[in-house]
Amino acid sequence: MKIIAGNWKMNMTRRETLEYFERYAGLNPDKSGARVIFLVPYTAISTAVETGENLGFEVGAQNVYPAAAGAYTGEITADMIKDCGAKVVLVGHSERRTLFRESDTFINEKLRCVLDAGLSAILCVGETAKERENDETEGVLWRQITMALDKLPDLSKLIIAYEPVWAVGKTADGKSKKPATSQQIADAHAFIKTILTGFTDANDIPVLYGGNVKSETSGEIMRIPNVDGVLVGGASLKVEEFSKIIESSSALLN
Ligand code: PEP
């Protein structure tokens, strides 16, 4: 069973969310090969959860604040996310690391809150283009993972997503970035699995690939050893395209 997560980023009103899932229901993609998770804006969580119960997918948030309550104007706790019916939280996405300067220590605090609340967490890790050019990919992955997982008591609900920053999203002139090659993905995933052997009970942590995954490439990517699924950004906003990505995981069962 693969995991297919769609990150809607800062897109989709409640009405658009409803319309999306009405179309999704009509397409009724064969998801027998996947656990499907939609990571939606906070404001769309309840709407997505109400629809999701019938359609068999999980809903997640894209961020969280690592405190139980208090004077943190504009922030949201893990319990509030859970209260809206979400089951998953995305932590450490490269856009948050870059635009909001989130540190590895802060990401560790966030993961602790999410897992303590009994929610699943998807931790994003990945190197920048410069770090890859400088041959620092393995060092960056090692630092990001060991710091994020530091002293976490229970990793049973953790998922990791390898998202090389140079492959995620669009370039400044609006073009899709080039996806990583199969070899680059295979090497990074094998290395991440090796890092995880250093953590007790970490053997079964799924590792997803993210970075310009499309329906033409998703099946091939999910066939790469140690790739347990995909995290999809832009393509998850197009319901037909995302449905095809989901179906490509079912095709792997045959
Ligand atoms: C993402 O936002 O996690 C992502 C992988 O984006 P995209 O698929 O658009 O590269």
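Described below are features of the structure shown in this document. (Residues numbered from 1 in each chain as written. Predicted model: local features only at pLDDT ≥ 70, side-chain atom pairs only at ≥ 80, totals over all residues. Heavy atoms only, no water.)

1. Digging into the sheet that holds strand β1 (residues 2-7)
Phase 1 of the analysis: Pairing is parallel in the closed barrel, where eight strands are placed in the order β1-β2-β3-β4-β5-β6-β7-β8. This sheet shows a mean twist of 25° between the axes of neighbouring strands, independent of strand direction.
Phase 2 of the analysis: Two strands pair when backbone bridges link them, and strand β6 (residues 158-162) and strand β7 (residues 207-210) are joined in this way by three bridges, in the parallel orientation. Each residue of the ladder has a partner; that of Ile160, found in β7, is Val207.
Phase 3 of the analysis: Sheet contacts for helix α9 (residues 215-222): β1, β7 and β8 (229-232); angle to β8, the most-contacted strand, approximately 145°. (Pairing = 2+ DSSP bridges. Helix = DSSP H or I, 4+ residues; strand = E, 2+ residues; numbered from the N terminus. Axes fitted to C-alpha atoms, helices over the stretch in contact; angles between N-to-C directions. Contact = heavy atoms within 4.5 Å.)

2. Observations regarding the nonpolar core
Phase 1 of the analysis: By size, the foremost hydrophobic cluster in this structure holds 68 residues, and its most contacted members are Tyr24, Phe38, Leu149 and Ile160.
Phase 2 of the analysis: Counting residues per element, this core draws most heavily on helix α8 (residues 182-196), at seven residues.
Phase 3 of the analysis: The contact partners of Ile160, leaving out residues within four places of it in the chain, are Leu123, Val125, Ile145, Ile192, Leu196, Ile205, Pro206, Val207 and Leu208.
Phase 4 of the analysis: If you look at the next biggest cluster of nonpolar residues, it comprises 12 residues, including Ala5, Ile37, Leu39 and Val88. (Core = buried A, V, L, I, M, F, W, Y, C linked by side-chain atoms within 4.5 Å. Buried < 20%, exposed > 50% of the residue type's maximum accessible area, 1.4 Å probe, protein only.)

3. A look at the side chain of Thr51
Phase 1 of the analysis: Along the chain, Thr51 turns up in helix α2 (residues 45-55).
Phase 2 of the analysis: Those residues within four positions of Thr51 in sequence are excluded, and the remaining contacts are Leu18, Phe21 and Phe57.

4. Re α2
Phase 1 of the analysis: Within the span of α2, buried status applies to Ile45, Thr47, Ala48, Val49, Thr51, Gly52 and Leu55.
Phase 2 of the analysis: Looking at the buried residues of α2, the elements they touch are α1 (14-27) and β3 (58-61).
Phase 3 of the analysis: Backbone geometry just after α2 places Gly56 at a positive phi near 75°.

5. Describing the pairing of β1
Two faces make up the sheet, and in a regular strand the side chains alternate between them.
Phase 1 of the analysis: Most of β1 is tucked away: six of the six residues are buried.
Phase 2 of the analysis: Neither face of β1 is exposed, since Lys2, Ile4 and Gly6 on one face and Ile3, Ala5 and Asn7 on the opposite face are all buried.
Phase 3 of the analysis: Of the strand pairs in this sheet, β1 and strand β2 (residues 34-39) are connected by six bridges, and their pairing is parallel. Counted as the bridge partner of Ile3 is Arg35 from β2.
Phase 4 of the analysis: Here β1 pairs with β8 via four bridges, running parallel. Each bridged residue has a counterpart across the sheet, and for Ala5 the counterpart in β8 is Leu231.

6. Some remarks on the site of the ligand
Phase 1 of the analysis: Contacts to the ligand come from 14 residues, most closely from Lys9, Glu163, Gly169, Gly233 and Gly234.
Phase 2 of the analysis: Residue His93 places a side-chain N or O atom 2.9 Å away from an oxygen atom belonging to the ligand.
Phase 3 of the analysis: Here an oxygen atom of the ligand sits 2.8 Å away from a polar atom, N or O, in the main chain of Gly233.
Phase 4 of the analysis: Here the ligand loses 96% of its free accessible area of 290 Å² to cover by the protein chains.
Phase 5 of the analysis: For the shell around the ligand, a count of residues per class yields four nonpolar, eight polar and two charged. (Near = heavy atom within 4 Å. Polar contact = N/O pair within 3.5 Å; in protein donor to acceptor, adjacent residues only side chain to side chain. Areas by Shrake-Rupley, 256 points an atom, 1.4 Å probe, with all protein chains shown as cover. Nonpolar A, V, L, I, M, F, W, Y, C, P; charged D, E, K, R; others polar.)

7. Comments concerning the packing of aromatic side chains
Phase 1 of the analysis: If you walk through the whole model with that rule in mind, you get 15 aromatic pairs.
Phase 2 of the analysis: Here Trp8 and Phe21 contribute two aromatic rings whose centre-to-centre distance is 5.6 Å and whose plane-to-plane angle is 25°, an arrangement assigned as stacked. Of this pair, Trp8 sits in the loop between β1 and α1 while Phe21 sits in helix α1, and the two are 13 residues apart along the sequence.
Phase 3 of the analysis: Its relative accessible area of 0% is what places Phe21 among the buried residues.
Phase 4 of the analysis: Aromatic pair Phe21 and Tyr24: ring centres 6.1 Å apart, planes at 85°, arrangement edge-to-face. Taken together, the residues Phe21 and Tyr24, both in helix α1 and three residues apart, mark about one turn of the helix. Side by side, Phe21 and Tyr24 carry an identical accessibility label, which is buried.
Phase 5 of the analysis: Members of the aromatic cluster, joined through ring pairs, are Trp8, Tyr20, Phe21, Tyr24, Phe38, Phe57 and Phe242.
Phase 6 of the analysis: One residue, Arg96, lies across the ring of Phe100, its end atom 4.3 Å from the ring centre. (Phe/Tyr/Trp six-rings, centres within 6.5 Å; stacked < 30°, edge-to-face > 60°. Lys NZ or Arg CZ within 6 Å of the ring centre and 35° of its normal.)

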